[in-house]
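Chain by chain, the residues run as shown.
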Amino acid sequence: MKTKLTKNDSSVLLIGFPSNGLVGTFTVSYIIHYLNMEMIGEIEHSDLPPALFVENGEILPPIRIYKKDNLFVIISDQPFDPYLANDFAQSVLHYCKENNIRKIFMISGMETINRDPKTKIYGLVTHQTLENILYENQISKFLGGSIFGTDAAIINAFRKSNIPALIIYAECHPFFPDPEASVKAISTLAQILKIKIDTQDIEKRIERLRIQHRNLMEETVKALQQQQERKQPRAPQIYR
Amino acid sequence: MEEENSSFQSVFPLTQLLSQDDEETQILSPLTFIKEFETHWLLEVDLPLVKKDDITITIDSCNLITINAKLKEKFYIEKLGNRLQFQFFRKNISFPVNIDKNKISAKFSFGRLSLTIPKKKVGRRIKVE
């Protein structure tokens with residue numbers, strides 16, 4: 001993957017892409033909208049299906065980079081297959097190094113069937129230096145479970161680097177768009193970043209967002225299934 | 001009520017129709033999720049913008065379950081400069097023969113419909129000698 005970038009000395013990156021309940025995409029796109037962030041670049045890959053979105057005459061590539069003050073955001077409107085996930089993670093890491101980004105916050109959904117209407121948030125950190133964020137913001141630590149796909153690719157890339165990552169998981173419905181879960185993720189992020197974000201706009205659009213993003217949800221479920229199939233735990237050789 | 005405009009839309013991908021959506025009859029196809037358990041099937045249908053009283057569920061002699069729902073507000077999608085209007089959800093799903101039609105139950109909460117479809121107990125116990 002190639003990154004077209006603008007050099008900056010900023011320090012925090014938020015990242016969201018289609019995953020369970022589309023939580024990451026809803027959350028970061030709302031933050032981009034609310035903070036009126038400026039698009040400063042994009043991530044390209046020759047294996048990405050050729051797709052562009054046009055909105056009010058503006059051409060939007062599927063993986064975009066936004067910035068405002070010391071905050072960067074990378075958002076993807078396209079789910080990744082297992083092969084692209086690692087390339088994407090490496091591109092994000094490369095971008096962080098190039099731009100002197102000190103830490104990243106990734107937002108994703110945690111699969112929960114029959115979930116409580118009160119969304120729970122869990123956090124996972126790659127480096128101990130970010131543990132205090134969990135305690136200060138009363139975020140439960142993600143203690144056990146398996147992670148696969150793009151989430152795992154990002155975590156893997158950053159845990160081996162010197163840039164720490166905090167992964168914020170919001171409980172959500174895995175197969176239906178769940179903007180309600182992202183409202184909780186937005187509030188949690190606002191608390192961590194010590195900024196004020198009014199979630200009224202997304203709250204009043206929750207039902208319509210669920211209809212609007214059926215197609216992206218279908219594509220995401222297919223990609224997640226591909227990722228899961230590839231990551232099925234294998235029995236040790238001796239038992240085959 | 002018409003869909004309110006919001007600049008929030010501009011950072012999202014454009015709304016796309018599902019291939020099963022029908023512009024002429026103004027029917028949207030809802031997302032569904034089916035899971036098989038040992039004793040039953042679980043069918044979940046995402047029905048945002050719908051009230052419980054506006055949902056009808058039927059099953060025919062071939063075990064085809066049909067879910068119809070009316071939206072409480074019209075939903076619009078822009079497609080190539082045209083504004084398409086939708087007012088309904090519809091989904092047809094076929095189930096195998098061994099379901100117990102009389103014991104199907106349905107629950108609707110937070111815009112999600114859950115149907116529990118019990119399986120009929122068939123077969124007999126085989127004695128081990």
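Scroll up to find the structure this text is about.
Residues numbered from 1 in each chain as written. Chains lettered and ligands numbered in written order. Predicted model: local features only at pLDDT ≥ 70, side-chain atom pairs only at ≥ 80, totals over all residues. Heavy atoms only, no water.

**A word on the overall build of chain B**
Now for step 1: Broken down by element type, chain B carries zero helices and eight strands.
Now for step 2: What you see in chain B, going N to C, is helices and strands ordered as β-β-β-β-β-β-β-β.
Now for step 3: The 129 residues of chain B split such that 43% are buried.
Now for step 4: Within chain B, counting contacts between residues at least 6 apart in sequence, those at least 24 apart form 54% of the total. (Helix = DSSP H or I, 4+ residues; strand = E, 2+ residues; numbered from the N terminus. Buried < 20%, exposed > 50% of the residue type's maximum accessible area, 1.4 Å probe, protein only. Contact = heavy atoms within 4.5 Å.)

**Structural notes on unusual backbone geometry**
Trans peptide bonds make up most of the peptide bonds, and negative phi angles are found at most residues other than glycine.
Now for step 1: Phi at A:Asn36 is positive, roughly 55 degrees, even though this residue is not glycine.
Now for step 2: For A:Asn36, the position within the fold is in the loop between helix H1 (23–34) and strand E3 (38–44).
Now for step 3: Phi at B:Leu49 takes a positive value of approximately 65 degrees, unusual for a residue other than glycine.
Now for step 4: Mapped onto the elements, B:Leu49 comes out in the loop between strand E3 (40–46) and strand E4 (50–59).
Now for step 5: On the accessibility criterion, B:Leu49 (3% relative accessible area) is buried.

**Considerations on helix H2 (residues 82–98) of chain A**
Counting along an α-helix, one turn takes 3.6 residues, and residues three or four places apart therefore face a common direction.
All names here are of chain A.
Now for step 1: With 17 residues, H2 ought to run about 24 Å at 1.5 Å a step, and its terminal C-alpha atoms sit 25 Å apart, in line with that.
Now for step 2: When H2 is considered as a whole, its buried residues turn out to be Pro82, Leu84, Ala85, Phe88, Ala89, Ser91, Val92, Leu93, Tyr95 and Cys96.
Now for step 3: With a side-chain oxygen lying 2.9 Å from the backbone nitrogen of Tyr83, the N-terminal cap of H2 falls on Asp81.
Now for step 4: Taken from the residues just after H2, Asn100 is the one with a positive phi, measuring 55 degrees. (Expected span 1.5 Å × (residues − 1). Polar contact = N/O pair within 3.5 Å; in protein donor to acceptor, adjacent residues only side chain to side chain.)

**Comments concerning the side chain of A:Thr112**
All names here are of chain A.
Now for step 1: You can see Thr112 is positioned in the loop between strand E8 (103–111) and strand E9 (121–125).
Now for step 2: A distance of 3.1 Å separates the side chain of Thr112 from the backbone oxygen of Met110, its partner in a polar contact.
Now for step 3: Ignoring any residue separated from it by four or fewer positions in sequence, one finds Thr112 in contact with Glu171, Cys172, His173 and Pro174.

**Some points on the nonpolar core**
Proteins that are soluble and globular tend to have nonpolar side chains buried together.
Residue and element names in this part refer to chain A.
Now for step 1: Among the nonpolar cores identified, the biggest contains 47 residues, and Leu14, Phe105, Leu166 and Leu189 are the most heavily contacted of them.
Now for step 2: Per-element accounting of this core gives the leading share, eight residues, to helix H5 (residues 179–193).
Now for step 3: Not counting residues up to four positions away in its chain, the partners in contact with Leu189 are Leu14, Thr27, Ile31, Phe105, Ile107 and Ile168.
Now for step 4: Counting 33 residues, the second-largest nonpolar core is a separate cluster that includes Ile101, Phe142, Phe158 and Tyr169. (Core = buried A, V, L, I, M, F, W, Y, C linked by side-chain atoms within 4.5 Å.)

**Some points on the pattern of salt bridges**
Now for step 1: In the structure shown here, the tally under the stated rule is 10 salt bridges over all chains.
Now for step 2: Residue A:Asp77 is joined to A:Arg64 by a salt bridge in which the shortest nitrogen-to-oxygen separation is 2.6 Å. Of this pair, A:Asp77 sits in the loop between strand E7 (71–76) and H2 while A:Arg64 is found in strand E6 (residues 63–68), placing the two residues 13 residues apart along the sequence.
Now for step 3: Of the residues examined, A:Asp77 reaches a relative accessible area of 3% and is grouped as buried.
Now for step 4: The buried category is assigned to A:Arg64, whose relative accessible area is 0%.
Now for step 5: Several salt bridges share partner residues, and in doing so they unite A:Asp178, A:Arg210, B:Asp46 and B:Arg112 into one network. (Salt bridge = Lys/Arg side-chain N within 4 Å of Asp/Glu carboxyl O.)

**Let's talk about the pairing of strand E2 (residues 12–16) of chain A**
Residues and elements named next belong to chain A.
Now for step 1: Burial analysis of E2 places five of its five residues in the buried class, which makes it a mostly covered element.
Now for step 2: Side chains Val12, Leu14 and Gly16 of E2 all project onto a buried face; the interleaved residues Leu13 and Ile15 project onto the opposite face, where all are buried too.
Now for step 3: Bridge count for E2 against E7 is five bridges, and the pairing is parallel. Its bridge partner lying in E7, Gly16 is registered against Ile75.
Now for step 4: As paired elements, E2 and E8 share four bridges and run parallel to each other. (Pairing = 2+ DSSP bridges.)

**Thoughts on the environment of A:Asp69**
Now for step 1: Among the structural elements, A:Asp69 can be located in the loop between E6 and E7.
Now for step 2: Between the alpha carbons of A:Asp69 and A:Lys160 there is a distance of 27 Å; along the sequence they are 91 residues apart.

**Looking at the pairing of E4(B)**
Now for step 1: Here E4(B) runs beside strand E5 (residues 64–79) of chain B; their pairing, made up of six bridges, is antiparallel. By the bridge assignment for E5(B), B:Ile59 is matched with B:Ile65.

**Digging into the environment of B:Trp41**
All names here are of chain B.
Now for step 1: Of note, Trp41 is situated in strand E3.
Now for step 2: Once the C-alpha coordinates of Trp41 and Phe95 are considered, the two residues, 54 residues apart in sequence, prove to be 9.1 Å apart.
Now for step 3: Leave out the neighbours within four places in its chain, and Trp41 touches Ile34, Lys35, Glu36, Phe95, Pro96, Ile99, Leu115, Thr116, Ile117 and Lys119.

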